[in-house]
Amino acid sequence: MKRTLILAAACAAALAASASDSTAVAHRLELSVRGAYVLPTNKIVKGGNRYDATTRSAFGGALEYSFSFSPKSRYGRYYPYAYQGVGVGFTAFNSSKVTGNPVNIYVLQGSRIATLSPRLTLDYEWNFGVSAGWHKIGEANPFDYTDIDGFGSHVNAYIDLGLKLNYAVSNRLSITAGVNISHFSNGNTDYPNPGVNVLWGKVGVLWTLGDAPTLPRPDWSDFEQHVSYDITAYGAWRKNLYDSSYGYDFLEPDVRLIPGHFGVGGLNVNPMWHFNPIFSVGGSLDFQYDEGANLSPYKVPSTSAENPKFYRQPFSHRVMAGVSARIELQMPIFAVNIGIGHSVYAPGGRDLRGWYQMFTLKTFITKNLYLSTGYRLERFRNPGNLMLGAGWRFNAR
């Protein structure tokens, strides 16, 4: 997860540069506490571990700094209630001997959804970052859940999305309350990677330092619809599995973990039609190379299933090309891009064929240059790989 930490630091640097700009007008500090129900979505949290410990609940807290832009700036006119910043929080699970008690460091962004009264608003907020301090699995067999004593990584990715009510006690002080759902995962960089999902309820206190936005609604009068072209290159590493029964039709499938890690790289060419400053749609040509794909037919017969060796598979068995439909939500500094695609060229075997899904966060360092942090899922349910890289937007406006 070192590259994820580097990207998180770069995101924070971009935010710091924006916050220091004279057009940043309102600075905010929010302190919150939260309690949670851990969703029973995998065997480890349901008690499938060495301690027979069920992970049912969690307690947490966070301190966040954020800022908004002046209505005199374009960001302020297009997104008058948007805020962005950084946060640090902690999560204490009831079964800490299995999970650990991780600390979360993240970037965040939110905005107003609706004004419910002169003092009460409904807002949304997302967090994206890293979560460190998880209990990493020992020498247990990762396929034997009665022997597992932790997770695959000390450091996991952290994603959170929430809705909250914001009640203004005064011009400077607000009380917040809401619900969030968090996801923790290592992006298939280590095994096991069950993913932990947590449903939170939280309350907080928000202090606003500086002038709050004064525009009653967004001003898009000078926006022109247009097409942009994003080219993104990425890389990562991942764990892979293979079927030791391959070639023996009389045997049941026997999926096993391949020792070590494998490199992944890719390229996306993504034109997008921008209907307004927030929403755009488009498509993408997607290319990916996976060093560990389709290895089952190439196991060296003389090696054991527990410690297999493999011949190098042909290059065509490591590559795929696909086409995906994309939607993108643009806000100041950040854009969230979601895609669903299908392979059109994957001659090497099943590993790279079929449907795939992508979730990507773009952090704009300049008008054209952005960092890209994303995750790829296979066939709507199977873990894929991280996508850590950078891109360039042509015809940016």
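Placed above this text is the structure.
Residues numbered from 1 in each chain as written. Predicted model: local features only at pLDDT ≥ 70, side-chain atom pairs only at ≥ 80, totals over all residues. Heavy atoms only, no water.

**A look at the pattern of salt bridges**
- Counted according to the given criterion, the structure contains 15 salt bridges.
- Note that D230 and R393 form a salt bridge whose closest N and O atoms lie 2.8 Å from each other. Pair noted here: D230 is in strand β9 (residues 226-238) and R393 is in strand β18 (residues 382-394), with a separation of 163 residues, a long-range link.
- Note that E291 and R312 form a salt bridge whose closest N and O atoms lie 3.8 Å from each other. With a gap of 21 residues between them, E291 in the loop between β13 (279-290) and β14 (319-330) and R312 in the loop between β13 and β14 connect regions that are remote in the sequence. (Salt bridge = Lys/Arg side-chain N within 4 Å of Asp/Glu carboxyl O. Helix = DSSP H or I, 4+ residues; strand = E, 2+ residues; numbered from the N terminus.)

**Considerations on the environment of F275**
- Position of F275 relative to the elements: it lies in the loop between β12 (262-274) and β13.
- We classify F275 as partly exposed; its relative accessible area is 37%.
- For the pair formed by F275 and E224, sequence separation is 51 residues and the distance between their alpha carbons is 8.4 Å.
- Dropping the residues within four chain positions of it, F275 is found in contact with F223, Q225 and V281. (Buried < 20%, exposed > 50% of the residue type's maximum accessible area, 1.4 Å probe, protein only. Contact = heavy atoms within 4.5 Å.)

**Examining the nonpolar core**
- V38, F93, W134, F151, F184, V196 and V198 are the most contacted members of the largest nonpolar core, which totals 21 residues.
- Secondary structure elements with two or more residues in this core: β1 (24-38), β2 (57-69), β3 (83-93), β4 (100-115) and β8 (196-210).
- Ranked by residues supplied to this core, first place goes to β8 with three residues.
- If you look at the next biggest cluster of nonpolar residues, it comprises 14 residues, including F67, Y79, V107 and L361. (Core = buried A, V, L, I, M, F, W, Y, C linked by side-chain atoms within 4.5 Å.)

**Observations regarding the packing of aromatic side chains**
- Scanning all chains against the criterion turns up 19 aromatic pairs.
- Ring geometry for W126 versus F334: centroids 5.1 Å apart, planes at 80°, classification edge-to-face. Highlighted residues: W126 in strand β5 (residues 120-134) and F334 in strand β15 (residues 334-345), separated in sequence by 208 residues. The pair W126 / F334 is uniform in exposure class, with both members buried.
- The interplanar angle of 75° and the centroid separation of 6.3 Å between the aromatic rings of W273 and F275 together place this pair among those described as edge-to-face.
- The partly exposed category is assigned to W273, whose relative accessible area is 33%.
- Linked through ring pairs, Y65, F67, F69, Y75, Y78, Y79 and F223 together constitute an aromatic cluster.
- Here R112 stacks its cationic end above the ring of Y81, 3.8 Å away from the centre of that ring.
- Just above the ring of Y370 sits the side chain of K362; from NZ or CZ to the centre is 5.2 Å. (Phe/Tyr/Trp six-rings, centres within 6.5 Å; stacked < 30°, edge-to-face > 60°. Lys NZ or Arg CZ within 6 Å of the ring centre and 35° of its normal.)

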